[in-house]
Structure formats: C-alpha cells, structure tokens
Amino acid sequence: MRLPYFPLHVVLFPHLPLPLHIFEERYRAMAGDLVSDDSPFAGQFVVSMILEGPEVGGEAHTTAVGTICEVRSAEQLPDGRWVILAVGIRRARLGSIDRGGRYALVDVEPLDDAIGDGARELVPAVQEALDGYLATVKRFVTHAASVGHDSQEITNVAASLDEVLKPIHLPDDPVAASYAVGGVLQVELTRKQQLLELPDAAARLRAELALLRRESQLLADGAMPPVSTADLDYNPN
C-alpha cells in the first residue's frame, strides 16, 4: 500500500483525532489530492514521529512505525491553507519513501491489533490508575495556579480543568482502551512511540499502568509540569 506521507512531531494512536492546520505548499497539494472526488488514496495518509529534522522546509528522519490516518473533515481557507480533522485508523510499518512528486509517498504495511494474554483483565486496573492520574493532574495545576493569585482566578482555573480533564471511561475493548490511554498520557514523545510499537494491547496496558502510577506519584511530589495546552490544539505542519 502506498499513501501520502506526513512526518510530524506527534505520536498518533489509532482511533484518536489529529487536527491539522496545513500551510506548507507540498502539504496543501497533498490535502487537495486527499479530498478530491477521484483521489486514489480514499482520504488516507500516513503520519510518523520525527526523530531529527524539521516539519517545515526540509526532510526529516522519522520512526519506522506510524499510523494510517483518514480525513474526516476538511476546509480550505481563502488564502489556500487547509484546516483538516483526521483520525488514526491503524498502525503501520513504513517502507521505502518516494520523494519524487509534489509530496512524499510511503509504502506501508498495516500492523495487526493483537489483544495479548490477560489484556481484558488489565482494563479495570488501568481505568482506576487513569482516574487517579487525571485527579492528580487537576490538583497539581490548581495548586500551581494558586501561588500569587486570588481565589477567583483559582476558581476559573479549576473550572477550565473540569472542561479539559473530564472523566474518561475506557472502552471495554482492550485494544481501543490501550490506544486511548496512550493518547491521554502526558509523557515524552519517545515514550509514546514505545507504547505505539508494542506488539499487543496486553503489553501496552501493562506499560501504561506503570506509567500512570509513576506519573501520578511524580505529580503528587510536585516534580512534573502541568499539561501543555499545545497538546490540546491544532498541529501546524
């Protein structure tokens, strides 16, 4: 399978959304081809994490495992930029890259979504750890905002966090649950990439359980920064 290729400073898990603000010429061309009625790509493209190099104006060294995405909505602005909402649909191993056209194309091999031994039994424990993690994040950010601010500002911060950090009920499907947790965790991209590459949901859930507990403890100790608002916004190319 050969699809358009979009390297990013992002790790995208299947089933999760990817909002994009596209302004570079090569990706404008890609966006137009993806949404055209006669597109050979059926609205699908591939993203993978950049290890070295820029997103804009050059070629980047990227990971060998990425995610096949599908465009769900697209709007072209009057100046030619695109605002796109895509969603990850499947992990894939990347092969050879063809950079001879207006934008890069990559050969990909879709990867199976194996469940693994004991995955279903892990979901309740991961749900409990996730609930604790989100509650700890909220306490950490509210405490940080309280330093040098009045009570109304603290109340406003808490209200904003209630919107951003709403309770998350994990799907019963352990594969989908493992991807959901991977998307929520605020950890280094290299750790997220490691989660993406794990062979099955059981291995991913075990790793996520350990990370949720570790990050909750670090936050409780005041050792970690709050959730970055950049992680909640559009990703410019």
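Thresholds applied
Residues numbered from 1 in each chain as written. Predicted model: local features only at pLDDT ≥ 70, side-chain atom pairs only at ≥ 80, totals over all residues. Heavy atoms only, no water. Helix = DSSP H or I, 4+ residues; strand = E, 2+ residues; numbered from the N terminus. Buried < 20%, exposed > 50% of the residue type's maximum accessible area, 1.4 Å probe, protein only. Contact = heavy atoms within 4.5 Å. Areas by Shrake-Rupley, 256 points an atom, 1.4 Å probe, with all protein chains shown as cover. Core = buried A, V, L, I, M, F, W, Y, C linked by side-chain atoms within 4.5 Å. Axes fitted to C-alpha atoms, helices over the stretch in contact; angles between N-to-C directions. Left-handed = near helix turned anticlockwise from the far one by under 90°. Nonpolar A, V, L, I, M, F, W, Y, C, P; charged D, E, K, R; others polar.

Some words on the overall build of the protein
And step 1. From N to C terminus, the protein includes six helices and eight strands.
And step 2. Counting from the amino terminus, the protein carries its helices and strands in the arrangement β-β-α-β-β-β-β-β-α-α-α-α-α-β.
And step 3. Residues classed as buried in the protein amount to 45% of the 237 residues present.
And step 4. Considering only contacts in the protein between residues 6 or more positions apart, those separated by 24 or more positions represent 69%.
And step 5. Split by element, the accessible area of the protein, about 11,800 Å² in all, is 54% carbon and sulfur.

Thoughts on the nonpolar core
And step 1. Grouped together as the largest cluster of nonpolar side chains are 64 residues, with contacts concentrated most on Phe6, Phe45 and Tyr133.
And step 2. When residues in this core are grouped by element, the largest group, ten residues, is from helix H2 (residues 119-146).
And step 3. Aside from chain neighbours lying at most four places away, what touches tyrosine 133 is Val184, Leu185, Gln186, Leu212, Glu215, Ser216 and Leu219.

Details of the packing of helix H4 (residues 174-184) against helix H6 (residues 201-220)
And step 1. H6 packs onto H4 with a crossing angle of 35 degrees between their chain directions and a minimal axis gap of 9 Å. Regarding H4 and H6, the two cross each other, and that crossing is left-handed. Of the residues in H6, those touching H4 at Pro174, Val175, Ala177, Ser178, Tyr179, Val181 and Gly182 are Ala201, Arg204, Leu205, Glu208 and Leu212.
And step 2. When its residues are assigned to classes, the contact of H4 with H6 shows eight nonpolar, two polar and two charged.

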